[in-house]
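Tertiary structure, described
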Amino acid sequence: MAFHRVGAGGGMSLPLIRTLVDRLVGGLIVLCVSVAAIPVLVLLLFVLINGLPGMLTPGFFTDPPYPQGVPGGGVLNAIIGTLEIVGIGSLLAVPVGALIGIFLSEYGRNQVGNTVRFISDVFTGLPSIAFGIFGYTVVVLTTHHFSALSASIALAVLMLPVILRATETALVLVPNSLREAGLALGAPRWRVTLEIIVPAALGGIVTGALLAMARAAGETAPLLFTAFGNDIVQTNPWQPMGALSLTIFRNALVPYPNLQQQAWAAGLLLVALVAATNILARIYVRRIQR
Amino acid sequence: MIATASMQTKVAPPPLRDVDAEIKLDARHVDFFYGDFQALHDASLAVQARKITALIGPSGCGKTTFLRVFNRMHDLVPGTRASGEVLLDGHNVLSPDTDVINLRRQVGMLFQRANPFPKSIYDNVAYGPHILGWSKIQIDQVVEESLKDTGLWDEVKDRLRRSARRWIRSPRCASRNSCKNSRSGIRS
Ligand SMILES: Nc1ncnc2c1ncn2[C@@H]1O[C@H](COP(=O)(O)OP(=O)(O)OP(=O)(O)O)[C@@H](O)[C@H]1O
Ligand SMILES: [Mg+2]
């Protein structure tokens, strides 16, 4: 009825000018999306083309790097290093970040909460090398040597604001009626938070944590003077350790073609790891939302 | 304003047919404010024990607001203020020394709109007793009883452990968090 009345003013067909504006704006949007998407696609294609041969080289996944000039070798040291450094960093950052996020959402409508939010935002804006300096001064200088642990701590601090903000956002989106339903049954606030609100927001919290991990895995600057790099396969977190991003950084700068190829392959592996993490996060969220 | 006026004039203690009627809950001269907005003007209501009392009024006249005062749900909304007295078994619910958690365990509340927890059907029904620390056997029993009382048992008994979300969209969903486990209940 209402629709009919609107149409009745200017006949049944849309005025020409509105059709034109519609087309124009639609076209602009497609253009903007392309401008944003094309570089990403080109980059992925480049990494794939240049990285695949190196990845298919025998020993890439199973061997440590060979000395410069010796053909062959792999990046086992870096694979283990990235997984271990990011793993330990996540073990440190996820629980702390999630707890701060819970605090901000459920108890943080006050000055304390605002201060924490402000500090977290400042940290989000810091260049990532600053976190490397943090790891260096706090851990490397006090223990007197480079170590994977110092890198994990630097990455944990880098991940913290991402995780706590994602957690807070996910929790704030949980409708208040759920909190009231729990409290109306006589449940204490902390139980409602942990047993109802957090499970309801788990998808968002896990996604935030995985995105933070993906970001940490790709960081190079915080590792330069913390993990430092190590051509030996090292699993002891107190020792210097390699990482995929460090392999890319170092090997890209040497004149040996096999090492450059290795750098491309390490780049492809890193992209694949990050993409896999993101896809897993999405699948997981979809599953628990059903 | 018409609405609040009707609250003032129409809410009065129900006529006591039974002279010995036991008053379970007695709200006296309750004023309620959302910030500067006064939603309740001197509202009084006596509720008898073991009787169903219905509160009727036009939309927005303050029924929900009034009911929420009875178990201090308004504490959760910043900037609200209630004055007057709400006596539950003689104790003023509005006094600052009231243990609100205990109060809410005694004054159950069903909301205007169903709001299932994102948990299984079983966990939804069991959450109240679970909070009270009942044993698994007791909870199993009360879940079955509650679902039988509401006529849902046959429909849901095979999927108690599955998410309540889909179930709750069906038309027969109003009976979650049954008030039977509380000594008195309010249904908004
Ligand atoms: N959170 C709030 N903040 C400010 N004003 C509110 C809030 N909740 C309710 N009000 C106002 O208080 C008055 C009473 O609202 P209430 O929800 O108690 O009415 P009701 O009788 O339950 O209405 P309905 O029949 O629609 O459920 C209304 O004018 C409403 O706009
Ligand atoms: Mg209402």
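Calculation criteria
- Residues numbered from 1 in each chain as written.
- Chains lettered and ligands numbered in written order.
- Predicted model: local features only at pLDDT ≥ 70, side-chain atom pairs only at ≥ 80, totals over all residues.
- Heavy atoms only, no water.
- Helix = DSSP H or I, 4+ residues; strand = E, 2+ residues; numbered from the N terminus.
- Buried < 20%, exposed > 50% of the residue type's maximum accessible area, 1.4 Å probe, protein only.
- Contact = heavy atoms within 4.5 Å.
- Areas by Shrake-Rupley, 256 points an atom, 1.4 Å probe, with all protein chains shown as cover.
- Rg over C-alpha atoms; globule rule 2.2 N^0.38 Å.
- Lys, Arg positive; Asp, Glu negative; His and termini not counted.
- Charge placed at Lys NZ, Arg CZ, Asp CG, Glu CD.
- Pairing = 2+ DSSP bridges.
- pLDDT = per-residue confidence, 0-100.
- Salt bridge = Lys/Arg side-chain N within 4 Å of Asp/Glu carboxyl O.
- Donors = N, O, S within 2.8 Å, 3.2 Å for Na, K, Ca; no water.
- Near = heavy atom within 4 Å.
- Polar contact = N/O pair within 3.5 Å; in protein donor to acceptor, adjacent residues only side chain to side chain.
- Buried area = accessible area lost by both parts, 1.4 Å probe.
- Axes fitted to C-alpha atoms, helices over the stretch in contact; angles between N-to-C directions.
- Parallel < 35°, antiparallel > 145°, perpendicular 65-115°, else oblique.
- Left-handed = near helix turned anticlockwise from the far one by under 90°.
- Patch = residues over 30% accessible without salt bridge, like charges linked within 9 Å, V, L, I, M, F, W, Y side chains within 5 Å.
- Nonpolar A, V, L, I, M, F, W, Y, C, P; charged D, E, K, R; others polar.

Focus: the overall build of chain B
Per the secondary structure count, chain B includes seven helices and six strands. Traced from its N-terminal end to its C-terminal end, chain B shows the element sequence α-β-β-α-β-β-α-β-α-α-α-α-β. A buried classification covers 46% of the 188 residues belonging to chain B. A fraction of 62% describes how many contacts in chain B between residues 6 or more apart in sequence connect residues 24 or more apart. When the accessible surface of chain B is split by element, carbon and sulfur atoms take 52% of a total near 10,700 Å².

Notes on the overall build of chain A
For chain A, the helix and strand inventory stands at 11 helices and zero strands. Its helices and strands taken in sequence order, chain A reads α-α-α-α-α-α-α-α-α-α-α from the N to the C terminus. At 25 Å, chain A has a C-alpha radius of gyration far larger than the 19 Å of a compact globule built from 290 residues. Along the first, second and third principal axes, the C-alpha set of chain A runs to 80 × 60 × 35 Å. Residue pairs at least 24 apart in sequence account for 72% of intrachain contacts in chain A once pairs closer than 6 positions are excluded. Of the roughly 15,500 Å² of accessible surface on chain A, a fraction of 74% belongs to carbon and sulfur atoms. Measuring between centres, the 15 positive side-chain charges of chain A sit 13 Å from its 10 negative side-chain charges.

Regarding the sheet that holds strand β2 (residues 37–48) of chain B
Judged by pairing direction, the sheet is antiparallel, and its four strands sit side by side in the order β2-β1-β3-β4 (chain B) without closing on themselves. Pairing within the sheet leaves two strands with one partner each, and these edge strands are β2 and β4 (91–92) of chain B.

A look at the confidence of the model for chain A
Mean pLDDT over chain A stands at 91; residues scoring 70 or higher make up 95%. Confidence drops under a pLDDT of 50 for residues 1–9 of chain A, and excluding neighbours within four residues, the segment shows one contact in the predicted structure.

Some points on the pattern of salt bridges
Residues and elements named next belong to chain A. Applying the stated rule across the entire model yields 17 salt bridges over all chains. In this structure, E219 and R215 form a salt bridge, with 3.3 Å as the shortest nitrogen-oxygen distance. Within this structure, R117, D121, R165 and E168 form a network of salt bridges that share partners.

Let's talk about the coordination of the magnesium ion (ligand 2)
Surrounding the magnesium ion (ligand 2) are the protein donor atoms T64 of chain B (OG1) and Q112 of chain B (OE1), at 1.8 to 2.4 Å. With a gap of 48 residues between them, T64 of chain B in helix α2 (residues 63–70) and Q112 of chain B in the loop between β5 (107–110) and α4 (121–131) connect regions that are remote in the sequence.

Comments concerning the site of ligand 1
Residue and element names in this part refer to chain B. Taken together, Y34, F37, A39, S59, G60, C61, G62, K63, T64, T65 and Q112 are the residues near ligand 1. The side chain of T64 places a nitrogen or oxygen atom 2.5 Å from an oxygen atom of ligand 1. Within the complex, the protein chains bury 61% of what would otherwise be the 640 Å² of accessible surface of ligand 1. Residue contributions to the shell around ligand 1 peak at three residues, all from α2.

So, the interface of chain B and chain A
How big an interface is tends to be expressed through the accessible area that disappears when the partners come together. With 22 residues of chain B in contact, the opposing surface of chain A contributes 17 residues. Interface area, chain B with chain A, both sides summed: about 1,700 Å², of which 62% is carbon and sulfur. In this structure, the connection of chain B to chain A is made through one salt bridge. Of the charged contacts in the structure, one is a salt bridge between E180 of chain A and R68 of chain B, with a shortest N-O distance of 2.8 Å. Remark: the boundary between chain B and chain A carries six residue pairs in polar contact (both at pLDDT 80 or more). For the side of chain B that touches chain A, the leading source of residues is α4 of chain B, giving four residues.

Topic: the packing of α4 of chain B against helix α5 (residues 136–149) of chain B
Residue and element names in this part refer to chain B. α5 packs onto α4 with a crossing angle of 125° between their chain directions and a minimal axis gap of 9 Å. In terms of orientation, α4 and α5 fall into the oblique class. In the packing of α4 onto α5, the handedness of the crossing is right-handed. Between α4 and α5, the residues in contact are Y122, V125, A126, P129 and H130 and K136, I139, D140, V142, V143, S146 and L147, respectively.

What about a nonpolar patch on the surface?
Judged by side-chain polarity, I17, V21, L24, V25, I29 and V33 of chain A come together as a nonpolar surface patch covering roughly 580 Å² of accessible area. Tracing the backbone shows V33 of chain A in helix α2 (residues 16–56).

Quick look at the packing of helix α6 (residues 148–172) of chain A against helix α8 (residues 189–218) of chain A
Residues and elements named next belong to chain A. Running from amino to carboxyl end, α6 crosses α8 at an angle of 150°, the nearest separation of the two axes being 8 Å. Relative to α8, the element α6 lies roughly antiparallel. Of the two possible hands of crossing, α6 and α8 adopt the one that is right-handed. Taken together, the residues of α8 that come into contact with α6 (itself represented by L155, L158, M159, V162, I163, A166, T167, A170 and L171) are I197, V198, A201, G204, I205, G208, A209, A212, M213, R215 and A216. In terms of residue class, the contact of α6 with α8 is built from 16 nonpolar, three polar and one charged.

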